[in-house]
Amino acid sequence: MTRLALAQMAEIADDGARRATAIAQFTTEHELDVADAYAVQALSIGRRITRGERIVGVKMGLTSRAKMAQVGVDSVIWGRLTDAMLLADGAPLSLSRYVHPRVEPEIAFLMERPLGGKVTGMEAMAAVGGVAAAAEVIDSRYEDFRFALPDVIADNSSSSGFVVGDWHDPATPIDNLGIALAVDGRIQEVGSSAAILGNPVRSLVEAARMVDEAGLRLEPGWIVLAGGATAAVSLTAGSSYRISVESLGRVGFTVTD
Ligand code: OOG
Ligand code: MG
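Residues numbered from 1 in each chain as written. Chains lettered and ligands numbered in written order. Predicted model: local features only at pLDDT ≥ 70, side-chain atom pairs only at ≥ 80, totals over all residues. Heavy atoms only, no water.

Peer 1: Give a detailed account of the coordination of the magnesium ion (ligand 2), specifying residues and quantitative values.
Peer 2: Those donors, Glu-104 (OE), Glu-106 (OE) and Glu-136 (OE), are the protein atoms that reach the magnesium ion (ligand 2), and they lie 1.9 to 2.0 Å from it. Coordination of the magnesium ion (ligand 2) draws on donor residues from a single chain, spaced E-x1-E-x29-E in sequence. On the criterion of sequence distance, the pair formed by Glu-106 in strand E5 (residues 102–111) and Glu-136 in strand E6 (residues 128–138) is long-range, its members being 30 residues apart. Accessibility assignment for this pair places Glu-106 and Glu-136 in one class, buried. (Donors = N, O, S within 2.8 Å, 3.2 Å for Na, K, Ca; no water. Helix = DSSP H or I, 4+ residues; strand = E, 2+ residues; numbered from the N terminus. Buried < 20%, exposed > 50% of the residue type's maximum accessible area, 1.4 Å probe, protein only.)

What follows is the structure, encoded as structure tokens:
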């Protein structure tokens, strides 16, 4: 095991994402614990900010058993969302921007008031201005989509794109909504919002706690993705992907090439 400077790892992760080229896992060659991995993530996203991107929220990851089982990591993680990752609903998407992208159904929260630290579900929801169906495009920069916990954290928790549907009243019950992910009109994954920590609000509570550990808070106007409710599905050229969430509507995109 050798030591690599955190800034060097941040550059490697950032370059992998920017150039859409696979990188080797850090943990197979280098020492990297979870705290340092979050430092690498912050440095890597800092490079994007320097290039003009803006933080627009956070994504929670591995908040459902389906997701944990698919990638073999069973800790809740988070990552940063920037404006460059936001895709328009129905927009065409080109595979050339990604290494090996997948899509997964998510629930999104729109923050109306700041939130951070240890909060209850009621306190968390009091800070929310809207809830929506969302699709996240994840793209691990690691070869074969394989990683250990510190690797995925350093790689901004595989975040690469997201689409958010119409915002709904935050009083809409979201604890047990049916969810379906259809590819070219055929349902491929089904689930419930209850798969997300028993209730997606718990994911928001975790987000408030975890960003606080990084000295941050969820800011008004930020979007929080609660985490995939089902396993993620690989994207293929020419296919359309649509996510439907009971009460919250649909969201999706088409992969062009
Ligand atoms: C890690 C990111 C997990 C989610 O919603 O659980 C995630 C991965 O699966 O590559 O975004
Ligand atoms: Mg996700």
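Peer 1: Would you mind going over helix H6 (residues 200–213) in detail, with residue names and values included?
Peer 2: Because the α-helix completes a turn every 3.6 residues, residues three or four places apart line up on one side. Along its 14 residues, H6 runs 20 Å from first to last C-alpha, staying within 8% of the 20 Å computed at 1.5 Å per residue. For H6, the complete set of buried residues consists of Pro-200, Val-201, Ser-203, Leu-204, Val-205, Ala-207, Ala-208, Met-210 and Val-211. Backbone geometry just downstream of H6 places Gly-215 in the positive-phi region, at approximately 75 degrees. (Expected span 1.5 Å × (residues − 1).)

Peer 1: Describe the side chain of Thr-27, and please don't skip the residues or the numbers.
Peer 2: Tracing the sequence through the fold places Thr-27 in the loop between helix H1 (6–19) and helix H2 (34–50). Residue Thr-27 is classed as buried on the basis of its relative accessible area, which comes to 17%.

Peer 1: Describe in detail the sheet that holds strand E4 (residues 92–93), supporting the description with residues and values.
Peer 2: Pairing is mixed across the open sheet formed by five strands, whose spatial order is E4-E13-E12-E8-E9. Looking at strand neighbours, the two that pair on one side only are E4 and strand E9 (186–192), the edges of this open sheet. By the bridge criterion, five bridges tie strand E8 (residues 178–183) to strand E12 (residues 240–245) in an arrangement that is antiparallel. The residue of E12 that forms the bridge with Val-183 is Tyr-241. (Pairing = 2+ DSSP bridges.)

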